[in-house]
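Fold and geometry: a report
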Amino acid sequence: MTETGYRQIIRDGLWNNNQALVALLGLCPLLAVTNTAINGLGLGLATTLVLVASNTTVSLIRNLVRPEVRLPVFVLVIASFVTATELSMNAWFHGLYNILGIFIPLIVTNCAIIGRAEAFASKNTPVRSLVDGLSIGIGFTGVLLVLGGIREMVGSGTLFAHADLMFGEAARGITLSVGEDFKGLLIAILPPGAFLGLGLLIALKNVIDERTRHLRAARTISPGHEPEAATHA
Amino acid sequence: MEFPAVSSPHSALPNRVSSVMLRVILALIPGALAMTWYFGWGVVINMALATVVAVASEALLLRLRGRPVTATLSDLSAVVTALLFALAVPPLLPWWLTVLGIGFAIVVAKQLYGGLGYNPFNPAMAGYVLLLISYPVEMTAWIPPIILNEHVLTLSETLRVIFTGTLPAGLTWDALSMATPLDAMRTNLDLGHLISEIRESPLWGDFGGRGWEWVGNWYFLGGIWLIYKRVISWHIPGAMLGALLLLAMIFHLLDPETHPFGLFHLFSGGAMLGAFFIATDPVSAATTPRGKLIYGASIGALVFIIRTWGGYPDAVAFAVLLMNMAAPTIDYYTQPRVFGETETRND
């Protein structure tokens, strides 16, 4: 485990051990805020920021903290970074901060973060923990963004609405709209839509994994078969 | 006295899924005819459209899942789902909503869970609730029954409304549509009117809304035939209607001017259709005799609670889905003791 290469860490974080699609951690904020793509992206980036900082810090102090008190210490570290993130968002992304509301402070309780601190950062070097935090965070953000985008398109017929809250006035133009008379499937924006959407995304990931496994198996088998086929031909 | 000798086996009819489903369809005929009589061609068009979409999507999903297509389709369960769904939605529902609702019912609520026998929720009600939550305006645009209707639409006009959304010249949705009895009762009560005032309107018949109560009667008849043929047992409909009636009567006695009398609840909205045809779905309902009583009574109680204090005028779909979730637990705690088994349980 400790000897896994960086390539493996990144691949695990983004895909194989994606916290939202495989570990199913951090579902509360994931399901609650993904009614638009921008909300998902905003919370995802905030979570990534906290994850990178907390992973690195936990890894730096991993030899100083006694195992008996490690969990409270991890929580304190995470809470400090969440508070800092919350204050910065309040200052610089005030509109987004108002929309995400309680879910920014609730990043503290995101089990993906304490999970990575306990399972990875407390056993690995700071650089590896940083890479792990970054890839896990980006994997999580990707799911939030895709799920938010799907729910937003199905539910209200737009994509990247309120982009100005995050990227400033210039980004107002990137909002896409399906059409004025589009009657959205309201349930997609409501909580049940989040569960349905996440379920379909997990199914999609499993299908993709299955396909690639078949392809890989076919590729390893085919060289053995080729000479045989050649003789028959 | 003579006893005719009958050799074993004694079972008269093979109790197959397809014969059960066929009988359910037969039992729906009187109610469906009454619906068509009172609410026009839209009911027939909805049933036809829903059946076509249900069978097509079931066939597609069975193919994708690598299951036998024709053998499974011939169990008729998709048709039953489609008919129940079509009888629950408003007669002039736009075609794409019917397609969306029944498609969701078959694809997500039934086949993605593993097909008939594995679905935890009643597919027809899942599709109905999806539409009710997402498109509340379209899903509450009911037309008045024929005896109150000044603008009876012809077949071609109905087709045009459903498939293109264009109303006949000179008509608006406001002139064409009318609140259901449950909706009207609720709105008037919210406005502070007394029941004796509300019931002076020509909308009301003896029990529920005029026209509506007769549809309920015919569903009741079909349901009694199903019980007589032992396709369903009396437990679920009896407990559901009993609980609904009892609660409604208690509250009516406490305050007759703000709570409509008991039979109004039975003969309004989806109560009759729900009690005999939807709550009795053999897959998603409780299965033990005692469990069926608890399950049915809970649905009846939930219907009354949501109708009286909830956010929607009717509640059969929500009540059935909520109790679908509870059905496995009810079954677990009401398992009949096997003969010879002792009191101790290993749990």
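Since this is a predicted model, take the numbers as computed values, not measurements.

Reading guide: rules and limits
Residues numbered from 1 in each chain as written. Chains lettered and ligands numbered in written order. Predicted model: local features only at pLDDT ≥ 70, side-chain atom pairs only at ≥ 80, totals over all residues. Heavy atoms only, no water. Domains from an automatic or database assignment. Contact = heavy atoms within 4.5 Å. Buried area = accessible area lost by both parts, 1.4 Å probe. Salt bridge = Lys/Arg side-chain N within 4 Å of Asp/Glu carboxyl O. Polar contact = N/O pair within 3.5 Å; in protein donor to acceptor, adjacent residues only side chain to side chain. Helix = DSSP H or I, 4+ residues; strand = E, 2+ residues; numbered from the N terminus. Nonpolar A, V, L, I, M, F, W, Y, C, P; charged D, E, K, R; others polar. Core = buried A, V, L, I, M, F, W, Y, C linked by side-chain atoms within 4.5 Å. Buried < 20%, exposed > 50% of the residue type's maximum accessible area, 1.4 Å probe, protein only.

1. Observations concerning the domain arrangement of chain B
All names here are of chain B. Partitioning chain B into structural domains gives domain 1 (15–178) and domain 2 (181–334). Placing a centre on the C-alpha atoms of domain 1 and another on those of domain 2 gives a separation of 21 Å. With 34 residues of domain 1 in contact, the opposing surface of domain 2 contributes 27 residues. Overall, the association of domain 1 and domain 2 removes approximately 2800 Å² of surface from exposure, summing both partners, and the carbon and sulfur fraction of that is 80%. For domain 1, the biggest contributors to the area lost against domain 2 are Arg23, Asn122 and Met125; these three give 18% of the whole. On the surface where domain 1 and domain 2 come into contact, there are zero salt bridges. On the surface where domain 1 and domain 2 come into contact, there are two residue pairs in polar contact (both at pLDDT 80 or more). Residue assignment for the side of domain 1 that touches domain 2 shows that the elements contributing at least two residues are α1 (17–39), α4 (77–88) and α6 (123–134). When grouped by side-chain class, the residues that make up the side of domain 1 that touches domain 2 number 29 nonpolar, four polar and one charged.

2. Thoughts on the nonpolar core
Residues and elements named next belong to chain B. Among the nonpolar cores identified, the biggest contains 96 residues, and Tyr128, Phe277 and Tyr295 are the most heavily contacted of them. When residues of this core are assigned to their parent elements, the largest contribution, eleven residues, is made by α1. Two domains each provide a minimum of three residues to this core, namely domain 1 (15–178) and domain 2 (181–334). In this structure phenylalanine 277 touches Val24, Ala27, Leu28, Leu84, Tyr219, Gly222, Gly223 and Leu226, once residues within four positions along its chain are discounted.

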